[in-house]
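Listed below, chain by chain, are the residues.
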Amino acid sequence: MDIEIRPGDITAVETQAIVNAANSSLMGGGGVDGAIHRAGGPSILDECKKIRETDLPDGLPAGQAVVTTAGELPAQWVVHTVGPTYAKTPEKYQEKAPVLASCYRASLQAAAELGVETIAFPTISAGVYGWPMDDATRIAVETIRSMEEQVGDTIRTVVLVPFGQEAEDGYRAALAG
Ligand code: ADP
């Protein structure tokens, strides 16, 4: 499993799947969520609504993932996952860091089940949800690496998409470490 860094806008990345840092409602939002729905068109939201009506009436819990098609995006699939909000206190951090790791695991598992060979991730929780960039990028890299045995036969390439210099620096440091 190769891990690559490709800075910029994830909606333009031509991997088979891209991951959306969504919120529990799955009804769209700001940040990367808004960008994905804008660029992908209304079919993504239509599918999210159906998922809410059928499987997830209370919304998607943090740390889990669901898949829709990708509308007009170059990707074929959007994997929607919900990151935890950041909490500073050590007790809360202990509770939430595994949820952030779970986002990466659940997304990779869902993609592997579809036979996806290439997948791109934004820096989940590092925007509105306030997770410090160095820690968010470290958890991303460590968790993706830890999944190699489980999904590496299917997923060949994981693309990390830093949106800004701080994210890029974080990924580079994490990959070097
Ligand atoms: P969260 O609510 O999980 O924090 P955000 O969308 O606010 O989600 O931010 C997650 C990360 O996505 C942030 O690092 C933000 O800079 C980044 N981001 C925002 N727009 C894009 C985009 N078009 N492509 C890639 N990353 C993006």
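Because the structure is predicted, anything quoted here is derived from the model rather than measured.

**Side note on the overall build of the chain**
Piece 1. Tallying secondary structure elements over the chain gives 6 helices and 6 strands in all.
Piece 2. Counting from the amino terminus, helix and strand elements in the chain follow one another as β-β-α-α-β-β-α-β-α-α-β-α.
Piece 3. Residues classed as buried in the chain amount to 41% of the 177 residues present.
Piece 4. Pairs at least 24 residues apart make up 74% of the contacts formed inside the chain by residues separated by at least 6 positions.

**Remarks on the nonpolar core**
Piece 1. Among the nonpolar cores identified, the biggest contains 49 residues, and Ile18, Val79, Ala111, Ile119, Ala120, Phe121 and Ala140 are the most heavily contacted of them.
Piece 2. At 7 residues, helix α3 (residues 90-113) tops the list of elements feeding residues into this core.
Piece 3. Discounting chain neighbours no more than four positions away, the residues touching alanine 111 are Ala17, Val79, Val116, Ile119 and Ile155.

**A closer look at the UniProt feature "domain: Macro" (unreviewed entry) in the chain**
Piece 1. In the numbering used here, UniProt assigns the feature "domain: Macro" (unreviewed entry) to residues 1-177.
Piece 2. For residues 1-177, the helix share is 44%, the strand share is 16%, and the end-to-end C-alpha distance is 17 Å.

**Some thoughts on the site of the ligand**
Piece 1. Around the ligand, the surrounding shell holds 21 residues, and the nearest of these are Ala21, Gly31, Gly127, Tyr129 and Phe163.
Piece 2. The dominant element in the shell around the ligand, judged by the number of residues it contributes, is helix α1 (residues 31-40), at 4 residues.
Piece 3. In terms of residue class, the shell around the ligand is built from 12 nonpolar, 7 polar and 2 charged.

**Section: the sheet that holds strand β6 (residues 157-160)**
Piece 1. Ordered by their spatial adjacency, 6 strands build an open sheet running β1-β6-β5-β2-β4-β3, and the pairing between neighbours is mixed. Two strands close off the open sheet at either side, each with one partner strand: β1 (2-5) and β3 (65-69). With direction set aside, neighbouring strand axes in the sheet form an average angle of 25°.
Piece 2. One ladder, built from 6 bridges, connects strand β2 (residues 17-22) with strand β4 (residues 77-82); its direction is parallel. Paired with valine 19 across the bridge in β4 is valine 79.
Piece 3. Packed onto the sheet, α1 meets β2 and β4 and runs at close to 130° relative to β2.

**Topic: the packing of α3 against helix α4 (residues 133-146)**
Piece 1. Between α3 and α4, the shortest axis-to-axis distance is 9 Å and the interhelical angle comes to 45°. Between α3 and α4, the angle falls in the class oblique. Helix-helix and strand crossings are classified by hand; for α3 and α4 the assignment is right-handed. Judged by residue contacts, Ala97, Leu100, Ala101, Tyr104, Arg105 and Leu108 of α3 engage Ile139, Ala140, Thr143 and Ile144 from α4.
Piece 2. When its residues are assigned to classes, the contact of α3 with α4 shows 8 nonpolar, 1 polar and 1 charged.

What counts as what
- Residues numbered from 1 in each chain as written.
- Predicted model: local features only at pLDDT ≥ 70, side-chain atom pairs only at ≥ 80, totals over all residues.
- Helix = DSSP H or I, 4+ residues; strand = E, 2+ residues; numbered from the N terminus.
- Buried ≥ 20, exposed ≤ 12 C-beta atoms within 10 Å, placed from the backbone.
- Contact = placed C-beta atoms within 7 Å.
- Core = buried A, V, L, I, M, F, W, Y, C linked by C-beta atoms within 7 Å.
- UniProt positions renumbered as here; feature names shortened; annotations may be inferred.
- Near = placed C-beta within 6 Å.
- Nonpolar A, V, L, I, M, F, W, Y, C, P; charged D, E, K, R; others polar.
- Pairing = 2+ DSSP bridges.
- Axes fitted to C-alpha atoms, helices over the stretch in contact; angles between N-to-C directions.
- Parallel < 35°, antiparallel > 145°, perpendicular 65-115°, else oblique.
- Left-handed = near helix turned anticlockwise from the far one by under 90°.

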